[in-house]
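# Architecture at a glance
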Amino acid sequence: MCLGHPVTARKNVERDWVALLETILSERPSLPGAACIGRHELFDEDHDESNDGTRPRQAAAEKLCAGCPEAWQCPERQAQQTEMMEAKAS
């Protein structure tokens, strides 16, 4: 069974990743003034983090979001608010 030339196969995979990223990003709003830009450490879970470290990180992330000028457009924030409303309704 021939899988094709390795370089050609690699280029096809690279193009697939590019197409996937283009699709994902084209569906996201541009939020140039978002307070979270460059602050991924507040939002990305650290698997080595203790429970004592998680809560302060989450509190800092929530505070950052609460004061963000782009929050009304943020899909993450909208999803979070929907989850909270659904939890209150049940």
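Residues numbered from 1 in each chain as written. Predicted model: local features only at pLDDT ≥ 70, side-chain atom pairs only at ≥ 80, totals over all residues. Heavy atoms only, no water.

### Some points on helix α3 (residues 51–66)
Between its first and last C-alpha, α3 extends 23 Å over 16 residues, near the 22 Å set by a 1.5 Å rise per residue. Within α3, the full set of buried residues consists of T54, R57 and A61. Viewed along the axis of α3, the buried residues span an arc of 75°, placing them on a single side of the element. The exposed set on the far side of α3, more than 90 degrees from its buried face, consists of D52, K63 and A66. Contact partners of the buried residues in α3: α2 (40–43). (Helix = DSSP H or I, 4+ residues; strand = E, 2+ residues; numbered from the N terminus. Expected span 1.5 Å × (residues − 1). Buried < 20%, exposed > 50% of the residue type's maximum accessible area, 1.4 Å probe, protein only. Arc of directions from axis to C-beta. Contact = heavy atoms within 4.5 Å.)

### A look at the pattern of salt bridges
With the rule as written, the count across this model stands at 3 salt bridges. A salt bridge links R28 to E76; the nearest nitrogen and oxygen atoms lie 3.1 Å apart. In this pair, R28 is assigned in the loop between α1 (6–26) and α2 and E76 in helix α4 (residues 75–89), connecting sequence segments 48 residues apart. Overall, the relative accessible area of 39% leaves R28 in the partly exposed class. (Salt bridge = Lys/Arg side-chain N within 4 Å of Asp/Glu carboxyl O.)

### Thoughts on the nonpolar core
Of all hydrophobic cores here, the largest spans 5 residues; its members are L31, A34, C68, A71 and C74. Contacts of A71, omitting those with residues within four sequence positions, involve C65 and R77. (Core = buried A, V, L, I, M, F, W, Y, C linked by side-chain atoms within 4.5 Å.)

### Topic: the side chain of R57
If you trace the backbone, R57 turns up in helix α3. Contacts of R57, omitting those with residues within four sequence positions, involve E41, L42, F43, D44, E45 and E49.

### Topic: the confidence of the model for the protein
Per-residue pLDDT for the protein averages 82, and the proportion of residues at 70 or more is 84%. When pLDDT is averaged over each element of the protein, α2 comes out on top at 89 and α1 at the bottom at 73. (pLDDT = per-residue confidence, 0-100.)

### Concerning the environment of A34
Along the polypeptide, A34 turns up in the loop between α1 and α2. With residues up to four places along the chain from it excluded, the contact list for A34 reads C68 and E70.

### Observations concerning a nonpolar patch on the surface
A cluster of nonpolar residues, W17, L20, L21, I24 and L25, forms a patch on the protein surface that exposes about 530 Å² of accessible area. By the secondary structure assignment, L20 is in helix α1. Accessibility expressed as a relative area gives 41% for L20, which makes it partly exposed. (Patch = residues over 30% accessible without salt bridge, like charges linked within 9 Å, V, L, I, M, F, W, Y side chains within 5 Å. Areas by Shrake-Rupley, 256 points an atom, 1.4 Å probe, with all protein chains shown as cover.)

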